[in-house]
Every structure is written in structure tokens, then in C-alpha cells.
Amino acid sequence: MNSFIWSFHVLEHIEDDKKAMNELYRVLSPKGMAIVGVPIYNGRTYENKGIITPEERLIHFKPKDHV
């Protein structure tokens, strides 16, 4: 049986998104499918690991729980 992963607006809430993506890949069967959606502002994603406080996150990432 082929696996299917649907991850919609999840990764922006996870500190180590690369580790999370590796885990998604690990559990996905060879012919499985993953659909991963993340917020895009002005046609691109935005990442800055130096922004760590909820107040800074609110300014830069909109919701304060986005990392």
C-alpha cells in the first residue's frame, strides 16, 4: 500500500523543519505521495533563525507561533 502525507500549514510551526521533512521522507513509501503547503507572502517564503521572540515573530512572520 502506498502512503500519503498531507501537511498543510504545519512546518512553519516546527523549530527544526529539516528534521521534520526528513521524518516525512522516512515514513513515505517509495511510491507514496506527500503534499506539503506552507504560507507564502509576496510570492516567496521567508526564514530568519535569529527571530525568536513571539513579538518579533508577529512582526516578521505574521502569527507569533510561526518559526
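Bear in mind that the values here come from a model prediction, so they are computed numbers and not experimental data. (Residues numbered from 1 in each chain as written. Predicted model: local features only at pLDDT ≥ 70, side-chain atom pairs only at ≥ 80, totals over all residues. Heavy atoms only, no water.)

Visitor: Explain the overall build of the protein here, please?
Guide: When its secondary structure is counted, the protein shows 2 helices and 2 strands. For the protein, the sequential pattern of α-helices and β-strands runs β-α-β-α. Over its C-alpha atoms, taken along the principal directions, the protein stretches across nearly 45 × 20 × 15 Å. Relative to its full complement of 67 residues, the protein shows a buried share of 19%. With an accessible surface of roughly 5,500 Å², the protein has 60% of that area assigned to carbon and sulfur atoms. Averaging the locations of the 9 positively and 9 negatively charged side chains of the protein gives two centres separated by 5 Å. (Helix = DSSP H or I, 4+ residues; strand = E, 2+ residues; numbered from the N terminus. Buried < 20%, exposed > 50% of the residue type's maximum accessible area, 1.4 Å probe, protein only. Areas by Shrake-Rupley, 256 points an atom, 1.4 Å probe, with all protein chains shown as cover. Lys, Arg positive; Asp, Glu negative; His and termini not counted. Charge placed at Lys NZ, Arg CZ, Asp CG, Glu CD.)

Visitor: When you look at the pattern of salt bridges in this model, what are you seeing that I'm missing?
Guide: Where charged atoms from two side chains of opposite charge come close, those side chains can pair. Throughout the structure, instances matching the rule amount to 3 salt bridges. Taking the shortest distance from any N to any O, the salt bridge between glutamate 15 and arginine 57 comes out at 3.1 Å. With glutamate 15 in the loop between β1 (4-8) and α1 (17-27) and arginine 57 in helix α2 (residues 54-61), this pair connects stretches of sequence that are 42 residues apart. Judged by relative accessible area, which is 56%, glutamate 15 ranks as exposed. (Salt bridge = Lys/Arg side-chain N within 4 Å of Asp/Glu carboxyl O.)

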